[in-house]
Amino acid sequence: MAVELVLRSTRVITPGGTRAASVAVAAGEITAVLAHDAEVPAGARLEDFGDDVLLPGLVDTHVHVNDPGRTEWEGFWTATRAAAAGGITTILDMPLNSLPPTTTVDHLRIKQDVARTKAHVDVGFWGGALPDNVKDLRPLHDAGVYGFKCFLSPSGVEEFPQLDQERLATSLAEITGFGGLLIVHAEDPHHLESAPQKPGPKYADFLASRPRDAENTAIQNLIDQARRLNARVHVLHLSSSDALPLIAAAKAEGVRITVESCPHFLTLTAEEVPDGATEFKCCPPIREAANQDLLWDALADGTIDCVVSDHSPSTADLKTGDFATAWGGISSLQLGLPAIWTEARRRGRTLEDVVRWMSAAPAALAGLDAKGAIEAGRDADFAVLAPDETFTVDPAELHHRNQVTAYAGKTLYGVVKSTWLRGTRIADHGTPTEPTGRLLERQN
């Protein structure tokens, strides 16, 4: 294939490290990573980014797009615009809070039809595991979903009920039988029911209502089930550092478990949440600074595998001043990269670390073999980042449908100058182009 495009930077993050390089692209694919001063082939266009960092497009495997059915909360057009503006080139959509949820093949096709013309980035889909849809799991797997999400406690929407331990075992056995992946919202309902429930605006009261023990117990039970069945499982949005020794021991034993955390758990702390500020509400909750320090340690040692957004927006009216009744979800799709980079650099971590957590590891989790790295044979998906430039978060400049964010007013490092999908620029200085994203289906 004739090279059509060369992207050049003094800082290109590759699997082998950061280097000055020129990246050759043909037909939407990386064909070679060459010396910085390599000759540009005849007929190819050169894009020279100087000292700005060229990194692989981020992969966000935890996004609630809510389309169709709750498009006033979000939608494929707005969510994928926000992703593109934030350096994300691939998202995987959660099976809720859309109507219908992605729990049958027919429901998957409905969602794909809605997304097809609206995707500014590549979009894949998770299926859902419910108490009554075991018969639908294999057909969904064969239709190309990347795995199955379940809740072990109430999900917050009535059309997506949780699995008890018996139904978890049944669903997990079925999924393991065809080599699938179960991703789990792990909070134990009994611990939640016994925790103090005090409505009102005080964040401390809300935090007490979602104790760490709820996560710890649910994760231990999941580990036990995975060990028994030799199942592959993934813990979603880990917030409790108390669960880290359980997870590390399970990994050392050979249990097939992976774990994610999220920007809000890694950059925000319970101590800074003002009373009544329910834009900070999520489940499990943002915990204390000392807890956060241990989550960063676990990222560094590999106990936590990846960082993804859990972008879960709603309309502003659902973010009431009462933490007990407000919608639980944080909007961060456009801001995840600078939020994590700001905290990572403060803690002495590198952009190579950030790329591993937010691009390579999520791509590996989902089996997205064409994503997650700048090397020959991968899709030509890139973000161009000015890592030392700062900006202050203005909600009005976000592409999310509802511009409610816990990051409002924060000054962050890392300005995304442009985003590229298969060699085409899809966002330039925060402004997305027309949609060129594709719908993805699991291939292995």
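*Asks:* Requested: an account of the sheet that holds strand S6 (residues 58-63), with residues and values cited.
*Replies:* The strand order across the open sheet formed by three strands is S6-S7-S8, and the pairing between neighbours is parallel. Each end of this open sheet is capped by a strand with a single partner; those strands are S6 and strand S8 (122-125). For this sheet, the mean angle separating the axes of adjacent strands, direction not counted, is 20°. Both strand S7 (residues 88-93) and S8 contribute to a ladder of four bridges, which runs parallel. Residue pairing in the sheet places Asp-93 in a bridge with Phe-125 of S8.

*Asks:* With reference to specific residues and values, describe the pairing of strand S13 (residues 256-261).
*Replies:* The side chains of a regular strand alternate between the sheet's two faces. Here strand S12 (residues 232-235) runs beside S13; their pairing, made up of four bridges, is parallel. Along S13, the bridge assignment pairs His-234 with Thr-258. Handedness of the crossover joining S12 and S13 through helix H8 (residues 244-253) is recorded here as right-handed.

*Asks:* Mind laying out the pattern of salt bridges, listing which residues take part and the relevant values?
*Replies:* Counting across every chain of the model gives 32 salt bridges. Residue Asp-164 is joined to Arg-167 by a salt bridge in which the shortest nitrogen-to-oxygen separation is 3.0 Å. Here Arg-347 ties to Glu-343 by a salt bridge, and the two come within 2.8 Å at their closest N and O atoms. Note on Glu-343: relative accessible area 9%, which makes it buried. One network of salt bridges, with partners in common, ties together Asp-122, Lys-371, Asp-379, Asp-381 and Arg-422.

*Asks:* Which residues make up the environment of Thr-436, and what values go with them?
*Replies:* Mapped onto the elements, Thr-436 comes out in the segment after strand S18 (431-432). Since its relative accessible area comes to 37%, Thr-436 is described here as partly exposed. Not counting the four nearest positions on each side in its chain, Thr-436 is found in contact with Ala-119, His-120, Leu-421, Arg-422 and Ile-426.

*Asks:* Mind laying out the nonpolar core, listing which residues take part and the relevant values?
*Replies:* Note that soluble globular proteins tend to have their nonpolar side chains buried in a common cluster. Core analysis: the largest hydrophobic core is formed by 96 residues, its most contacted members being Phe-148, Leu-182, Leu-238 and Val-354. Residues within four places of Phe-148 in sequence aside, it is in contact with Trp-126, Gly-127, Gly-128, Ala-129, Leu-137, Leu-140, His-141, Ile-175, Phe-178, Leu-181, Leu-182 and Ile-183. Judged by nonpolar contacts, the second largest core, of 14 residues, contains Val-12, Phe-49, Phe-382 and Val-384.

*Asks:* Break down the sheet that holds S13 for me, citing the residues and quoting the values.
*Replies:* Taken in spatial order, the six strands make up an open sheet running S9-S10-S11-S12-S13-S14, and their pairing is parallel. Since the sheet does not close on itself, it has two edges, and those belong to strand S9 (127-128) and strand S14 (306-307), each with one partner. Here two bridges tie S13 to S14, and the two strands are oriented parallel to one another. The partner of Glu-260 across the bridge, within S14, is Cys-306.

*Asks:* Describe helix H2 (residues 105-115), with residues and values.
*Replies:* Among all positions in H2, only Leu-108, Lys-111, Gln-112, Val-114 and Ala-115 are buried. One side of H2 carries all its buried residues, which in axial view fall inside an arc of 160°. Of the residues in H2, the exposed ones pointing more than 90 degrees away from the buried face are Asp-106 and Asp-113. Of the surrounding secondary structure, the elements contacted by the buried residues of H2 are helix H1 (76-85), S7, S8 and helix H3 (134-142).

*Asks:* Mind laying out the layout of surface pockets, listing which residues take part and the relevant values?
*Replies:* For the largest pocket, the calculated volume is near 640 Å³. Along the walls of the largest pocket sit 32 residues, with Gly-156, Arg-210, Lys-281, Cys-283 and Gly-328 positioned nearest its centre. If you tally residues by element for the lining of the largest pocket, the top one is helix H6 (residues 203-209), at three residues. When the residues that make up the lining of the largest pocket are grouped by side-chain class, the tally is 12 nonpolar, 13 polar and seven charged. Roughly 350 Å³ of internal volume is contained in the second largest pocket. Taken together, 17 residues line the second largest pocket, and the ones lying closest to its centre are Ala-85, Gln-334, Phe-391, Glu-397 and Gly-430. Listing elements by their share of the lining of the second largest pocket, those giving two or more residues are strand S15 (382-392) and strand S16 (411-421). Ranked by the residues each element gives to the lining of the second largest pocket, the list is headed by S16, at three residues. When its residues are assigned to classes, the lining of the second largest pocket shows eight nonpolar, seven polar and two charged.

Analysis parameters
Residues numbered from 1 in each chain as written. Predicted model: local features only at pLDDT ≥ 70, side-chain atom pairs only at ≥ 80, totals over all residues. Heavy atoms only, no water. Pairing = 2+ DSSP bridges. Helix = DSSP H or I, 4+ residues; strand = E, 2+ residues; numbered from the N terminus. Axes fitted to C-alpha atoms, helices over the stretch in contact; angles between N-to-C directions. Right-handed = clockwise from strand over helix to strand, strands pointing away. Salt bridge = Lys/Arg side-chain N within 4 Å of Asp/Glu carboxyl O. Buried < 20%, exposed > 50% of the residue type's maximum accessible area, 1.4 Å probe, protein only. Contact = heavy atoms within 4.5 Å. Core = buried A, V, L, I, M, F, W, Y, C linked by side-chain atoms within 4.5 Å. Arc of directions from axis to C-beta. 1 Å grid on protein atoms, 1.4 Å probe; cavity = no way out; pocket = protein on both sides within 12 Å on 5 of 7 lines; lining within 4 Å. Points joined across faces, edges and corners; volume = space filled by probe spheres on them. Nonpolar A, V, L, I, M, F, W, Y, C, P; charged D, E, K, R; others polar.

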